[in-house]
Amino acid sequence: MDRAPGRRELASLLKMEDFSSVYAEADRVRKVNVSDVVYIRSILEFSNHCRRQCRYCGLNCTNRKAKRFRMKPEEIVSTARQAWDAGYKTVVLQSGEDPFYTPQLLGEIVREIKKTGIKITLSCGEMSFEDYSYLKECGADRYLLKQETADPEIYRALHPDSQLEERISCLKNLKKLGYETGSGFMIGLPGQSLETIAADILLIYEIGCDMAGIGPFIPHPDTPLKNSPHGSTELTKRAVALTRILMPEINLPATTALGVLDAEEKNSVFSCGANVVMRKVTPDAYKKLYEIYPADLGETDIYKERRELEEMIHRLGRIPV
Ligand code: SF4
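Remember, predicted model here, so these are calculated numbers, not experimental data.

## Looking at the packing of aromatic side chains
- Here the structure, examined in full by the defined rule, presents seven aromatic pairs.
- Ring centres 5.0 Å apart and planes at 85° place the aromatic pair Phe100 and Tyr101 in the edge-to-face group.
- Among the residues examined, Tyr101 registers a relative accessible area of 5% and is labelled buried.
- Aromatic ring contacts, followed pair by pair, group Phe46, Phe100 and Tyr101 into a single cluster.
- The residue whose ring lies beneath Lys89 is Trp84, and the NZ or CZ to ring-centre distance is 5.2 Å.

This is the structure in C-alpha cells:
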C-alpha cells in the first residue's frame, strides 16, 4: 500500500461480500516479504494470579472459581530449557499481572533462561518504563501486550481498573526501549463495529508493532461476558489479511483462540497472511488452570508436539523454523 488507508476505507473493505481477492493479495504480500517460513514459538504460562479485572478474562481477580497457581522460578527455568532442547528458539513467558514476580525476580529468571540462547518474549502486563528497561537489560528480547481494543469507550467498559492511554503508552515505551513489540486485539467484543476493528488495525500500524495477535473473542462462563456471543472467525481472518497488506513484514500468529472455535480456520489463516504459530509448553498440572477463555487442551508432550507441528506446517507447503 502506498499510503495508510483511513478508518472508513478499511471498514468498507472488511465488509466486502467477496473477500477472495484480498486474501490472495495478503498471501502474495506474505510470501514476498516474510517468505514461506512459519515461526514456531513456545509459550509458558507461569502464573494465573492477576490483579486486574478485565471483564472478558477467566483469570480476572474477581473470579473466585479460578484455581490459582504460581510456578517456582526453578520450574520456569527448567521448562524453558526443555523447550529449547525440543527445538524451540523462542519462549513466551506469560502470566497475569502478578506482583509476586517482581521485576527483580523476573529479571533473574530471564538471565537464567537466556544462558541457553533461547529468545525470550515477556507477556506479563503493564509496567513502568524503568521496569521494562531493567528486563531488557536482563536479556528479554520481545514483549507482548495486547491493546485488546482501540476504542476508548469499549476499553473502559471492559477494563474497569485501567485505561487505553496507559496501555498505548506502555506499547510506545516498549518500542522506544528496542523490544520487538507485540500487540493484538479481539474480534467480536460487545459494542465493536467494523470501524472499531479498522481502528485496531490502524493503531498497530501507528505504533509500528512487530507482531499482532488477532483472535476471536470467546466468552468465559465465569465472567460478566459469559452470555455474549463469540467473535466471527471469518472477520478474524479478514483483519489478519488487511494487517498483512498494511504491514508487510509484521509477524502474525495463527491465534489459539481461532483454533479453539475452528481447527480448520486456524490452518487456513496461514493462506491469509499469518506466519507464526505458538504452542503451549506449560506443564500439565497448570495448563488447564490458565483459562483466559475455555479451551479443550490435551496433555503436554513438548518433544512430540514440536514434531507434530513441524509435520503440519510441511503439509501446508510451508517451512517450519
Ligand atoms: S486479560 Fe490479562 S490483565 Fe486482564 S485479567 Fe486476564 S490475565 Fe489479567
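## Comments concerning empty space enclosed by the protein
- Per the counting criterion, the structure on display carries one cavity of 30 Å³ or more.
- Taken together, Arg41, Val92, Thr121, Arg142, Tyr143, Leu144, Glu180, Thr181, Gly182, Met211, Asn251 and Met278 make up the lining of the largest cavity.
- Looking at the lining of the largest cavity, the elements that each hand over two or more residues are strand 4 (142-144) and strand 5 (180-187).
- Among the residues making up the lining of the largest cavity, the classes are represented as five nonpolar, four polar and three charged.

## Overview of the nonpolar core
- Formed by 95 residues in total, the largest nonpolar core has its most connected members in Ile76, Leu93, Ile113, Leu122, Tyr132 and Tyr143.
- Ranked by residues supplied to this core, first place goes to helix 8 (residues 194-207) with eight residues.
- When sequence neighbours within four positions are dropped, the list of residues in contact with Ile113 reads Ile76, Val77, Ala80, Val91, Leu93, Ile118 and Ile120.
- Listed in part, the five residues of the second largest apolar core include Ile43, Val92, Leu144 and Met211.

## Topic: the pattern of salt bridges
- Counting across every chain of the model gives 18 salt bridges.
- Across the salt bridge formed by Arg70 and Asp98, the nearest N and O atoms sit 2.7 Å from each other. Residue Arg70 is located in the loop between strand 1 (37-47) and helix 3 (73-85), and its partner Asp98 is located in the loop between strand 2 (90-95) and helix 4 (103-114); the two are separated by 28 residues in the primary sequence.
- Residue Arg70 is classed as partly exposed on the basis of its relative accessible area, which comes to 35%.

## Quick notes on the site of the ligand
- Neighbouring the ligand are the residues Cys50, Arg52, Cys54, Tyr56, Cys57, Asn60 and Gly96.
- Among the residues forming the shell around the ligand, the class breakdown is four nonpolar, two polar and one charged.

## Notes on helix 5 (residues 129-138)
- All buried positions along helix 5 are accounted for by Tyr132, Leu135 and Cys138. Buried residues of helix 5 fall within an arc of 115° about the axis and therefore sit on the same side. Turned more than 90 degrees off the buried face of helix 5, the exposed positions are Glu130 and Glu137.
- Looking one or two places after helix 5, you find Gly139, whose phi comes out positive at around 125°.

## Notes on helix 7 (residues 164-176)
- For helix 7, which comprises 13 residues, the first-to-last C-alpha distance of 18 Å matches the rise-based estimate of 18 Å (1.5 Å per residue) to within 8%.
- Considered for burial, the residues of helix 7 that qualify are Leu164, Arg167, Ile168, Cys170, Leu171, Asn173 and Leu174.
- Buried positions along helix 7 lie against helix 5, strand 4, helix 6 (152-158), strand 5 and helix 8.
- Just past helix 7, the residue Gly178 takes up positive phi, approximately 90°.

About the thresholds
Note on numbering: residues in each chain are counted from 1, in written sequence order. Only residues with pLDDT of at least 70 get local features here, since the model is predicted, and only at 80 or more are side-chain atom pairs given and counted; chain-wide, interface and lining totals rely on the full set of residues. As a convention, hydrogens and water are excluded, and side-chain values are obtained from all of the structure's heavy atoms. By convention, a stacked pair of Phe, Tyr or Trp rings (six-membered ring in the case of Trp) has centres within 6.5 Å and planes under 30 degrees apart, an edge-to-face pair has planes over 60 apart, and any other such pair is tilted. Think of it in three bands: residues with accessible area under 20% of the maximum for their type are buried, residues over 50% are exposed, and the middle band is partly exposed, with areas taken using a 1.4 Å probe on protein chains only. Placement of a charge over a ring requires the Lys NZ or Arg CZ to be within 6 Å of the ring centre, with the centre-to-atom vector within 35 degrees of the ring normal. Only protein atoms enter the 1 Å grid, on which a cavity is a set of points fitting a 1.4 Å probe that cannot get out and a pocket is an open set with protein on both sides within 12 Å along at least 5 of 7 lines, lining residues being those with an atom within 4 Å of a point. Grid points are joined across faces, edges and corners, and a volume is the space filled by probe spheres set on the points. Put simply, DSSP marks the helices as runs of H or I at least four residues long and the strands as runs of E at least two long, and each gets a number from the N terminus on. Charged means Asp, Glu, Lys or Arg here, nonpolar means Ala, Val, Leu, Ile, Met, Phe, Trp, Tyr, Cys or Pro, and polar covers whatever is left, Gly included. For this analysis, a nonpolar core means a set of buried residues of the types Ala, Val, Leu, Ile, Met, Phe, Trp, Tyr and Cys, connected via side-chain atoms within 4.5 Å. By definition, residues are in contact when any of their heavy atoms lie within 4.5 Å. Whenever a carboxyl oxygen of Asp or Glu lies within 4 Å of a side-chain nitrogen of Lys or Arg, that contact is scored as a salt bridge. Note on terminology: near, applied to a residue and a molecule or strand, indicates that one of the residue's heavy atoms is within 4 Å of it. Taking the helix axis as origin, the arc is that swept by the directions to the C-beta atoms. By this rule the span expected of a helix is its residue count minus one, scaled by 1.5 Å.

None of this, on its own, says anything about what the molecule does.
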